[in-house]
Amino acid sequence: MQTIYIRFYAIMTPSRYLFVWILGLGAMVCANADSAKIEFFEKKVRPTLAKYCYECHSAKSEKVKGGLLLDTKLGIRKGGDTGPAMVPGDLKESLLIESIHWKNEDLQMPPKKKLPSAVIKALESWVKMGAPDPRTGQTVVKDEIDIEAGKKFWAFQPLDHAEPKVRKQKWVRTSIDRFVKAGLEAKGLSPATDADKATLIRRVFFDLTGLPPSPDQVEGFLANDAPDAFEQVVDSLLASPQFGVRWGRHWLDVARYAESNGMERNAAFPHAWRFRDYVVDSFNEDKPFDQFIREQLAGDLLPGETTDERMVATGFLAMGPKSLNNRNSAEFKMDLVDEQIDVTTRAFMGLTVACARCHDHKFDPIATEDYYSMAGIFKSTHALFGGGGSGVRQTTKLLELQDGRKEPGEQKINHAKLMAESQSQLKLLNKKIASLKKEFKGKYKLAPEYKVTISEIKKTQAELKKNRARATKSKKQTGALAMGARDGKPEDAKVHIRGNVDTLGKAITRGFPQVLDFSDIEIDPSQSGRLQLAEWIADPANPLTPRVLANRVWHHLFGRGIVSTVDNFGETGERPSNLPLLDYLAARFVENGWSVKKLVREVVLSRAYQLSSAHDPANAKIDPDNAFFWKMNQRRLDAESMRDAMLAVSGRVILSPAEGSPVQKMDGNIGRNPKQLEELRKAKLDNRSIYLPVARQAIPEVLKTFDFAEPSIIVGRRDVTTVPTQALFLLNSDFVITQSKALAEGLAQVRKEDQINHAFRLLFARLPTSGEKIRTQSFLDDCMKYEDSELQAWTTVCQALLASAEFRYLN
């Protein structure tokens, strides 16, 4: 066992010294974000340049204005007559950014109309991140896309079922091991040693449930010598409701789940939590993934009864951020369609089809016409997201669920009819008053009928007012509501030249990208086409869908995908390090009825998963990134697992699902309510982290600090950073201090001579070495000198243990 070292830091606070004790081997892990940045350029920047700039600043321009070319990387950095248009990372020195803000009367671009605020923010973000740009130094006018040639790309090829041969059969336990071993042998690599049982049980508990094993669970596994001891643990974890919490969160990252809109109008999505619960339940019941696809894309169109569950599932299409302030309804609709195309094709198939909105895809065999064939499907769909609030220009109704509708036979009051009757009665009464005036002249008020008629008028006016209010209220949705989608008027979309809604080309028949012509599914002309799209994506003959999901599963269990760019299987993505292994997993996934649990089970029972993370210099020289999986990657716990583990070891975690969400009581534009935003950031909840509110621009502090997925975009692979704010959080956070105190109170119930042992078993699933025990006791003794009580001293020690690298990392 590797001995861990201890560092002490003494920090003066107003009342006492706080000792920060860091155990273990620290690791600075920075994910390679190049691929994500290039995706940002292709999705947000290149279309903007093509739409607003190329007419005057590209090689195709009749006359290049100002000597500035923006259609190449070299051109945009070299600039024109006035100097460089853009300086990577420097907004102030970038003339491009200055020009689009229109603050300088002599420098306003585009000259006719200022860019939308969302576009300006995207360009600023691009410059801040270093202006990644995959374009070559010369202008390249791409010929017409060659679909047939494109079909030869590895990702579009059918799954290959051939099993490899390996030289050393003894090491192999499962079919997965055979593929891994063949990949290692081809590169001259040797597998690491097997992990010890304590390491293995901690690893699999976190991987499958996001929680640490209890000391009793660890002891039970260590004492179980049965050949299937580990298999028993795996099966119990797969059956646990905490499995859905853990693996449901993985999918929510991809589905860009959030409870508010974000952007310039951060309207609350108070019913988004229903989609969250749907995802958790789906993973717990091991819903076949092909059915999971169909429900999210077309749950309202599936044969049979349209259940609440299926309606809630379509929230997948309504969850994205939207420019709710956009006055141009056509542009708003097409931006929404673009976002739906992007999430659908990348989440399920790893394809960046949305990059073909303004022009043929620059890298993949996807034509602009392919894009608009899919755009017609979503243009024929109504996304129901709500988005209400003062000043919000783009709003919709929501789906009304079955349990929110009136029961059959319940009397329904027609307030509009009652209003019409009251108005007719008022007309008759007013005519009667007019008749009295004519008959009695100036003494009409003395007539016996006058007072009776006036009384009737007041009574009728009151009824009219009451029914008008009831009619207005009856138009509002008051039952159980959800975000989702339903069909609109079926129609094909016209090509938008350069993505512009005002310059339309020919209409394109609704359909699917030509490069994937494995199916003869045709769009039902009476529907949007979402059902056929779902069937096409979930077709077993579609090689991308099972490959992408199998790769996501491998990524979550190994810390790296076989294709490291988990959301991009196109030309700009990475190639698979072991394609035969990926194809085997994808084929098994389909053969086993698209069962995620069966796939996870087969992977974790492989010897490859059960390897140690021991370093080998010879292997590292050949494969420094461990792309061929000769060892298990050491991984930091994600934000939710770290928080949930702290709650678990302190004894405070609530494992039952939380009901609803704090966002439910927040309606309107929460972005303009600092109090609500702060309430969401500081949300206090002892349930699992998946139940914390996830409002865009107001992510809870504990999640944001430790690289939580940005909920406005598709995130299949989270960044892993090590920054000072994380250490400060562990030092100063009320949450960490609260869990430290609760953990100390729990240790106080243990015999003094066993307290340190028990603390290590709780947090690290092992006993301390003799040296660690001595140093821990010495640190506790030092704390006793500065604290007011033994409980406070133990609280400081517990906080140091929770902040240790060993607690935050998986070996």
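Conventions we followed
- Residues numbered from 1 in each chain as written.
- Predicted model: local features only at pLDDT ≥ 70, side-chain atom pairs only at ≥ 80, totals over all residues.
- Heavy atoms only, no water.
- Helix = DSSP H or I, 4+ residues; strand = E, 2+ residues; numbered from the N terminus.
- Buried < 20%, exposed > 50% of the residue type's maximum accessible area, 1.4 Å probe, protein only.
- Contact = heavy atoms within 4.5 Å.
- Salt bridge = Lys/Arg side-chain N within 4 Å of Asp/Glu carboxyl O.
- Phe/Tyr/Trp six-rings, centres within 6.5 Å; stacked < 30°, edge-to-face > 60°.
- Lys NZ or Arg CZ within 6 Å of the ring centre and 35° of its normal.
- Disulfide = S-S within 2.5 Å.
- Axes fitted to C-alpha atoms, helices over the stretch in contact; angles between N-to-C directions.
- Parallel < 35°, antiparallel > 145°, perpendicular 65-115°, else oblique.
- Nonpolar A, V, L, I, M, F, W, Y, C, P; charged D, E, K, R; others polar.
- Expected span 1.5 Å × (residues − 1).
- Arc of directions from axis to C-beta.
- pLDDT = per-residue confidence, 0-100.

J.: Can you explain the overall build of the protein chain? Please cite residues and give values.
T.: A count of helices and strands for the protein chain gives 31 helices and ten strands. The burial tally for the protein chain puts 55% of its 811 residues in the buried class. When contacts within the protein chain are restricted to residue pairs at least 6 apart in sequence, those whose partners lie at least 24 apart make up 68%.

J.: I'd like a rundown of the pattern of salt bridges, residues and numbers included.
T.: Any two side chains of opposite charge can pair, on the condition that their charged atoms come close. If you walk through the whole model with that rule in mind, you get 46 salt bridges. The partner of Asp 583 in a salt bridge is Arg 547, and the shortest N-O contact between them spans 2.7 Å. Taken together, the residues span a long stretch of sequence, with Asp 583 in helix H20 (residues 579-591) and Arg 547 in helix H19 (residues 544-558) at a distance of 36 residues. Across the pair, exposure class does not vary: Asp 583 and Arg 547 are buried alike.

J.: Residue-level account of the environment of Trp 794, with values.
T.: Note that Trp 794 resides in helix H30 (residues 790-802). The buried category is assigned to Trp 794, whose relative accessible area is 5%. C-alpha separation for the pair Trp 794 and Ser 740, spaced 54 residues apart in sequence, amounts to 8.3 Å. Excluding anything up to four places from it in sequence, Trp 794 contacts Ala 744, Leu 747, Gln 755, Ile 756 and Leu 780.

J.: Residue-level account of the packing of aromatic side chains, with values.
T.: A full pass over the atoms with the stated rule returns 28 aromatic pairs. Centroid distance Trp 251 to Phe 316: 6.4 Å. Interplanar angle 15°. Geometry classified as stacked. Note that Trp 251 is positioned in helix H10 (residues 241-254) and Phe 316 in the loop between helix H13 (308-313) and helix H14 (329-349), a separation of 65 residues in sequence. Pair check on accessibility: Trp 251 and Phe 316 agree, each one buried. Ring geometry for Trp 554 versus Phe 629: centroids 5.4 Å apart, planes at 75°, classification edge-to-face. In this pair, Trp 554 sits in helix H19 while Phe 629 sits in the loop between helix H22 (617-622) and strand S9 (635-636), placing the two residues 75 residues apart along the sequence. Of the two residues examined, Trp 554 and Phe 629, each falls in the buried class. The rings of Trp 251, Phe 275, Tyr 278, Phe 283, Phe 289, Phe 292, Phe 316, Phe 348, Phe 589 and Trp 594 are connected pair by pair, giving a single aromatic cluster. Across from the ring centre of Phe 316, 5.5 Å away, lies the NZ or CZ of Arg 256, which sits over that ring.

J.: Any chance you could break down the environment of Lys 43 for me, citing the residues and the numbers?
T.: Inspection of the secondary structure assignment puts Lys 43 in helix H1 (residues 34-52). The sequence separation of Lys 43 and Asp 338 amounts to 295 residues, and the corresponding C-alpha distance is 9.8 Å. Non-local contacts of Lys 43, meaning those with residues more than four positions away in its chain, are made with Asp 338, Asp 342, Ala 354 and Cys 355.

J.: Outline the state of the cysteines, listing residues and values.
T.: Overall, the coordinates contain zero disulfides when judged by the stated rule. In this structure Cys 56 is a free cysteine whose sulfur lies 8.8 Å from that of Cys 53, the closest cysteine sulfur available. Classification of Cys 56 as partly exposed rests on a relative accessible area of 23%.

J.: Talk me through the packing of H19 against H20; I want residue IDs and the actual numbers.
T.: For the pair H19 and H20, the least separation of the axes is 8 Å and the interaxial angle reads 105°. The angle between the axes of H19 and H20 places the two elements in the roughly perpendicular class. Along its contact with H19, which presents Pro 546, Arg 547, Leu 549, Ala 550, Asn 551 and Trp 554, the element H20 presents Leu 579, Leu 581, Leu 582, Asp 583, Leu 585, Ala 586, Phe 589 and Val 590. Per-class residue counts for the contact of H19 with H20 are eleven nonpolar, one polar and two charged.

J.: Before we move on, can you summarise the packing of H14 against H19 with the specific residues and values?
T.: Helix packing geometry: the angle between the two helix axes and the distance between the axes. Orientation of H14 relative to H19, taken along the N-to-C sense of each, is 70°, at an axis distance of 7 Å. When the axis of H14 is compared with that of H19, the two are roughly perpendicular. Only Leu 544, Thr 545, Val 548 and Arg 552 of H19 make contact with H14, whose side of the interface consists of Arg 346, Ala 347, Phe 348 and Met 349. Classifying every residue of the contact of H14 with H19 gives five nonpolar, one polar and two charged.

J.: Let's hear about helix H15 (residues 368-379): which residues, and what values?
T.: In this model H15 runs 16 Å from its N-terminal to its C-terminal C-alpha over twelve residues, within 8% of the 16 Å that 1.5 Å per residue would give. In terms of residue burial, H15 counts as a mostly covered element, since ten of its twelve residues are buried. Listed as buried for H15 are Thr 368, Asp 370, Tyr 371, Tyr 372, Ser 373, Met 374, Ala 375, Gly 376, Ile 377 and Phe 378. For H15, the secondary structure elements touched by its buried residues are H14, strand S3 (381-384), strand S7 (493-496), strand S8 (504-508) and helix H18 (530-537).

J.: Please set out helix H24 (residues 674-681) residue by residue, giving values where relevant.
T.: Inspection of H24 places Gln 676, Leu 677 and Leu 680 among the buried residues, and these make up the whole buried set. End-on, the buried residues of H24 take up no more than an arc of 100°, which puts them together on one face. Exposed and oriented more than 90 degrees from the buried face of H24 are Pro 674 and Lys 675.

J.: Go over the environment of Val 337 with me, naming the residues and quoting the values.
T.: Assignment of secondary structure puts Val 337 in helix H14. Judged by relative accessible area, Val 337 falls into the buried class, the value being 0%. Taking the C-alpha atoms as reference points, Val 337 and Lys 379, 42 residues apart in sequence, are found 6.2 Å from one another.

J.: I'd like a rundown of the confidence of the model for the protein chain, residues and numbers included.
T.: Chain-level statistics for the protein chain give a pLDDT mean of 86 and a share of 90% at 70 or above. Confidence drops under pLDDT 50 across residues 1-33; counting only partners more than four residues distant or on other chains, this segment forms 79 contacts. Scored below 50 in pLDDT, residues 138-142 shows eight contacts in the model against residues more than four places distant or in partner chains.

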